[in-house]
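A closer look at the structure
What follows is the residue order along each chain.
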Amino acid sequence: MGKKAGTKRDEVAVGRFVERFALVLSDNGFPRMPARVFVGLLAAEQETRTAAELAQQLRVSPAAISGAVRYLEQVGLVAREREPGQRSDHYRIFSNAWYEALTRRDQMLLRFEQVLREGIDAVGTESLAGLRLDETRQFFEYMRGEMPRLLAQWREQRSKKGQG
């Protein structure tokens, strides 16, 4: 008979989960090592982890962790902290990491729209390419318009659950 869900942490299963979710993220455009580090932090029982702990957990070099964490900091998913008197950095995932990442997507979508407008002008608005580019631009414009509503709904749902 299998173990009851939620009764005890199964480190082998956790390791499989980390690799599986990291693979899903990387299959969808997330760089591989940052994906592994992010999911490693996400699945960690501790609130923070050091580079050495992450390297041991993921069976990689500390240098690989360093590059991955630098990427994760740049995209706003991970924070670096150091306790007074300690030599090693500790990394934590922001509690609202996905929300923050999507909030920043607004500017990315706006840039897509702007560049697509240039492309539409270049190929001609009535050409087949121009119509395709404009449909793509309209999609990004729609997503950018809907994002604030979706994020507001998420904030409301979190506050109802006492997480907000």
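Cut-offs used in this document
Residues numbered from 1 in each chain as written. Predicted model: local features only at pLDDT ≥ 70, side-chain atom pairs only at ≥ 80, totals over all residues. Heavy atoms only, no water. Buried < 20%, exposed > 50% of the residue type's maximum accessible area, 1.4 Å probe, protein only. Helix = DSSP H or I, 4+ residues; strand = E, 2+ residues; numbered from the N terminus. Arc of directions from axis to C-beta. Contact = heavy atoms within 4.5 Å. Salt bridge = Lys/Arg side-chain N within 4 Å of Asp/Glu carboxyl O. Axes fitted to C-alpha atoms, helices over the stretch in contact; angles between N-to-C directions. Parallel < 35°, antiparallel > 145°, perpendicular 65-115°, else oblique. Left-handed = near helix turned anticlockwise from the far one by under 90°. Nonpolar A, V, L, I, M, F, W, Y, C, P; charged D, E, K, R; others polar. pLDDT = per-residue confidence, 0-100.

**Re helix H3 (residues 51-58)**
Along H3, the residues that are buried comprise Ala51, Leu54, Ala55 and Leu58. Summarising the axial view, the buried residues of H3 lie within an arc of 100°, below the 170-degree limit, and thus occupy one face. Away from its buried face by more than 90 degrees, H3 exposes Ala52 and Gln56. Those residues of H3 that are buried are in contact with helix H1 (11-27), helix H2 (32-43), strand S1 (49-50), helix H4 (62-74) and strand S3 (90-93). Taken from the residues just after H3, Arg59 is the one with a positive phi, measuring 60°.

**Things to note about the pattern of salt bridges**
In total, this model carries 16 salt bridges according to the counting rule given. Of the charged contacts, one joins Glu113 and Arg144 as a salt bridge, the two residues approaching to 2.6 Å between their closest N and O atoms. Taken as a pair, Glu113 in helix H5 (residues 97-123) and Arg144 in helix H6 (residues 128-160) lie far apart in primary sequence, 31 residues in all. Residue classification places Glu113 among the buried residues on the basis of a relative accessible area of 1%.

**Remarks on the packing of H5 against H6**
In the contact formed by H5 and H6, the axes pass within 9 Å of each other and the chain directions differ by 160°. Considering the angle they form, H5 stands roughly antiparallel to H6. Note that H5 runs across H6; the crossing there is left-handed. Residues belonging to the contact of H5 with H6 are distributed by class as follows: 15 nonpolar, four polar and eight charged.

**A short note on the confidence of the model for the protein chain**
The pLDDT averaged across the protein chain works out to 88; a share of 95% of its residues lies at or above 70. H5 is the least confidently modelled element of the protein chain, averaging 85 in pLDDT, while H2 averages 94, the highest of any element.

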